[in-house]
Amino acid sequence: MRLFISALEPSANIHLRPLALELDKLAGARMTRIEIVGIFEKRAFVACENLSANSCYEMSDFAAMGFVDVLKKIFFYKRVNKEMIELASTCDKVLLLDSSSFHIPLAKGLKKLRVHGQAIPQIIYYILPQVWAWKSWRARELEKIFDRLCAILPFEIAFYPNAFKEGRAHYVGNPLLDELPLEQIARENGRVLFMPGSRKGEIKRVFPLFVELGKHLNGKQKILALPKHFENLTQEELQNIYGEGIWDFALSFDSINELRICEFAFICSGTATLQASILGAPFVLAYRMRALEFHLLRFFVRLKVIGLANILFQALQGERAGNGNTRLHKELIQKDLNVKSLLETYKNFDFKDFATHCTKLREYLKCGSSSCVAEILLS
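Here goes a summary of the coordinates provided. (Residues numbered from 1 in each chain as written. Predicted model: local features only at pLDDT ≥ 70, side-chain atom pairs only at ≥ 80, totals over all residues. Heavy atoms only, no water.)

## A closer look at the packing of helix α3 (residues 74-88) against helix α4 (residues 100-115)
Phase 1: One can describe the packing of α3 onto α4 by two numbers: an axis separation of 9 Å at closest approach and a directional angle of 45°. In terms of axis orientation, α3 runs oblique to α4. Judged by the sense of rotation from one axis to the other, the crossing of α3 with α4 is right-handed. On α4, the residues touching Tyr77, Val80, Asn81, Met84, Ile85 and Ala88 of α3 are Phe102, Pro105, Leu106, Gly109, Leu110 and Leu113.
Phase 2: A class-by-class count of the residues in the contact of α3 with α4 yields 10 nonpolar, two polar and no charged. (Axes fitted to C-alpha atoms, helices over the stretch in contact; angles between N-to-C directions. Helix = DSSP H or I, 4+ residues; strand = E, 2+ residues; numbered from the N terminus. Parallel < 35°, antiparallel > 145°, perpendicular 65-115°, else oblique. Left-handed = near helix turned anticlockwise from the far one by under 90°. Contact = heavy atoms within 4.5 Å. Nonpolar A, V, L, I, M, F, W, Y, C, P; charged D, E, K, R; others polar.)

Structure representation (structure tokens):
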């Protein structure tokens, strides 16, 4: 069997690893070999015995910082897209993960081959665009372009009614339930975790507040979670990013383990908020961006909350996801974010209520997604 897989983002490749292991297990049980081609991190398949994987490009080839950098690479993206359409057309099935700006044109290109009478593989989209947040009109387009839609958020299916009726849209589970260690361990009282994001701009805007906040937490063990891609930086390089306040904290590159054992966490927006909720780590979302960017975002993205855990919790409560009134956790954003509000949230946190809601959220997500997606690929 020959599969085409495209995963351009670091997060997509993290989700690809447990899927690769599940594919390998199924292939072994069915005594079949699977050849995988496309674009992905090769290390996702290192531990696989029944899969051979060959990626055409490195992830660094697609890295672009800012609008100007993206413009410079437009012709590169178009050339690669054409190459991948040709390669994908030779495979039995195609799996595209996230990255809608690259993968939707790729899928459209494959569909054109079908229109012209060429037999093409089934096209499967895994980790769908956030049509519930903005550009909701894309949902109808996706229903037409893709043969199967694999949602990782339960409420997403409602945006694809036609594909759902036809059995082509599924909630497959959430990949974080495959990736996170879900067994409960004791939390360390007084261990406070700070996660100011992984982008330098986020760190510059949020971390100084965390430094000031730390001065009010006497007797607490303060842990700063650093991104994995900072692991090889020197002390001087880290100080250039975070400032001298970095040395007020104990440093850790293992944010998942820290979320498992911390008493409380202050987290910048991102996947970490859902990770914390799944692991039951009490936290507050603390986020600040440039004022102009924030107002533009508010204009295009009509959401009352930005934390993915809050969005899921609202759907669980029967509210419109992202626009309901309930909250799993507090969000301190823009002008609401300051040392006083952070400290008050920490001191007044309802740990018991939060733990109950986290349990319900895990039950709502049900299971990991790797097993279901692997079965779809090999069915």
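## Considerations on α4
Phase 1: For α4, spanning 16 residues, the distance from its first C-alpha to its last is 22 Å, which sits close to the expected 22 Å at 1.5 Å a residue.
Phase 2: Of all the residues in α4, the buried ones are Phe102, His103, Ile104, Leu106, Ala107, Gly109, Leu110 and Lys111.
Phase 3: Residues of α4 that are buried make contact with β1 (2-7), β2 (34-39), α3, β4 (93-97), β5 (122-126) and α5 (138-145).
Phase 4: Within two residues after α4, Gly117 carries a phi angle of roughly 95°, on the positive side. (Expected span 1.5 Å × (residues − 1). Buried < 20%, exposed > 50% of the residue type's maximum accessible area, 1.4 Å probe, protein only.)

## Concerning the sheet that holds β1
Sheet strands pair via backbone hydrogen bonds, and the direction of the pair is either parallel or antiparallel.
Phase 1: On the basis of which strands lie adjacent, the open sheet formed by seven strands has the order β3-β2-β1-β4-β5-β6-β7 and parallel pairing. The sheet is open, and its two edges are formed by β3 (51-55) and β7 (169-171), each paired on a single side. Across the sheet, the mean angle from the axis of one strand to that of its neighbour is 20°, orientation sign disregarded.
Phase 2: In the sheet, strand β6 (residues 148-151) pairs with β7 via three bridges, with the strands oriented parallel. Of the residues in β7, the one forming a bridge with Ala151 is Tyr171.
Phase 3: Where helix α16 (residues 370-378) meets the sheet, it contacts β1, β2, β4, β5, β6 and β7, and its direction lies at approximately 150° from that of β4. (Pairing = 2+ DSSP bridges.)

## What about the nonpolar core?
Phase 1: The biggest cluster of nonpolar side chains holds 96 residues, and the ones touching the most others in it are Phe45, Tyr126, Tyr242 and Phe266.
Phase 2: Aside from chain neighbours lying at most four places away, what touches Phe266 is Val192, Leu193, Phe194, Met195, Phe210, Leu213, Val284, Leu342 and Tyr346.
Phase 3: In terms of nonpolar packing, the next biggest core, distinct from the first, is built from 37 residues, Met59, Tyr77, Ala88 and Ile123 among them. (Core = buried A, V, L, I, M, F, W, Y, C linked by side-chain atoms within 4.5 Å.)

## With respect to the side chain of Asn13
Phase 1: Here Asn13 lies in helix α1 (residues 10-29).
Phase 2: Within polar-contact distance, the side chain of Asn13 engages the backbone oxygen of Ala7 at 2.9 Å.
Phase 3: A polar contact of 2.8 Å, which involves the side chain of Asn13, links it to the backbone nitrogen of Glu41. (Polar contact = N/O pair within 3.5 Å; in protein donor to acceptor, adjacent residues only side chain to side chain.)

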